[in-house]
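Below are the chains, spelled out letter by letter.
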Amino acid sequence: MGRLKDKVAVITGAAKGQGAVEARLFAEHGATVVMTDVMVSEGRALAEGLGQEFYEHDVSNAAQWQEVIDKTIEKHGRIDVLVNNAGIFQSARMLETELADYERIIAVNQTGVFLGMQVTGKVMCEAGGGSIVNISSLAGMEGAPGAFAYSTSKWAVRGMTKIAAQELGRFGVRVNSVHPGFIDTDMLQQTPAATAGKMDKVVKRAVPLGRTAGSEEVANVVLFLASDESSYCTSGEFTVDGGLHK
């Protein structure tokens, strides 16, 4: 334990699901965790239970990003880790995707990551180091027919991670992306395979390990990237997919 001792970490989308599991794991390993989400009641309750902090935060809003980072610096004096976890999903093919829906998904999944990296990256560069972990998706490596806007946004996260890693490396800031596959979360239940009742069949056919994963299996990879154990890892793409990506 204590792999994040004395580190200050900001985790977005931390009120439930994968983000909540990451927050719990980080707290268990000694981090001071600043949790953010638009789901206020759930986020505050979890933060109180963990003895951590929570801020209401729309990641697509630049002013709110600045406010969260300013409050964190004012209280703790540093930010060592940023986990851009917040994300939304929509099941819709390209020809069926409404512009408003596309823009909403891009705002959260793509612009939110950009804003987080930009404002937090400045703080980390001035401090001489830090770790940024961007949660992308297997859909950001292979594409996901039937989820056009979501897949597009996750490809962008993959690309932004690569560029940011190159630009921030000389300041000691590492940037990596994590690409979950079939993870047992609420979001998985929104996919076309799940709504059609075919998820078990798809998983057994497509995933070499033959099963979905728990959120903790993703969180363990995020923990590694947040910790000093990954000190020479940057610009990496870490799949957590049971061997689905080839």
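Our subject is the structure that appears above.
Scoring rules and cut-offs
Residues numbered from 1 in each chain as written. Predicted model: local features only at pLDDT ≥ 70, side-chain atom pairs only at ≥ 80, totals over all residues. Heavy atoms only, no water. Salt bridge = Lys/Arg side-chain N within 4 Å of Asp/Glu carboxyl O. Buried < 20%, exposed > 50% of the residue type's maximum accessible area, 1.4 Å probe, protein only. Pairing = 2+ DSSP bridges. Helix = DSSP H or I, 4+ residues; strand = E, 2+ residues; numbered from the N terminus. Axes fitted to C-alpha atoms, helices over the stretch in contact; angles between N-to-C directions. Contact = heavy atoms within 4.5 Å. Phe/Tyr/Trp six-rings, centres within 6.5 Å; stacked < 30°, edge-to-face > 60°.

Asker: Just checking my understanding: could you explain the pattern of salt bridges for this structure?
Answerer: If charged atoms from side chains of opposite charge come close, those side chains can pair. One pass over the structure, following the stated rule, counts 10 salt bridges. Across the pair Arg-78 and Asp-80 runs a salt bridge whose closest N-O atoms are separated by 2.5 Å. For Arg-78, a relative accessible area of 42% translates into the label partly exposed. Within this structure, Arg-158, Lys-162 and Glu-237 form a network of salt bridges that share partners.

Asker: Would you explain the sheet that holds strand β5 (residues 130–135) in this entry?
Answerer: Think of a sheet as strands paired side by side through backbone hydrogen bonds, with each pair either parallel or antiparallel. One open sheet holds the 7 strands; their spatial order is β3-β2-β1-β4-β5-β6-β7, and the pairing between them is parallel. The open sheet has two edge strands, β3 (53–56) and β7 (237–240), and neither has a second partner. Between one strand axis and the next, the sheet turns by 20 degrees as a mean value, whatever way the strands run. Two elements, strand β4 (residues 81–84) and β5, share 4 bridges in a ladder whose sense is parallel. Residue pairing across strands places Asn-84 opposite Asn-134, the latter belonging to β5. In the packing of helix α1 (residues 17–28) onto the sheet, the strands contacted are β1 (8–12), β2 (32–37), β4, β5 and β6 (173–180), and the crossing angle to β1 comes to about 170 degrees.

Asker: How do you make sense of the side chain of Ser-235 when you look at a structure like this?
Answerer: Following the sequence through the fold, Ser-235 ends up in the loop between α9 (215–226) and β7. Residue class for Ser-235 comes out buried when judged on its relative accessible area of 14%.

Asker: Would you explain the packing of aromatic side chains in this entry?
Answerer: We describe a pair of aromatic rings using the distance from one ring centre to the other and the angle between the two ring planes. Summed over all chains, the structure comprises 3 aromatic pairs. Ring centres of Phe-89 and Tyr-150 lie 4.9 Å apart, and the angle between their planes is 70 degrees; on these two criteria the pair is classed as edge-to-face. Within this pair, whereas Phe-89 is found in the loop between β4 and α4 (99–127), its partner Tyr-150 is found in helix α6 (residues 148–168), the two being separated by 61 residues in sequence. Just as Phe-89 is buried, Tyr-150 falls in that class too. With a centroid separation of 6.5 Å and 65 degrees between ring planes, the pair formed by Phe-224 and Phe-238 is classed as edge-to-face. With Phe-224 in helix α9 and Phe-238 in strand β7, this pair connects stretches of sequence that are 14 residues apart.

Any functional reading would require information beyond the geometric quantities listed.
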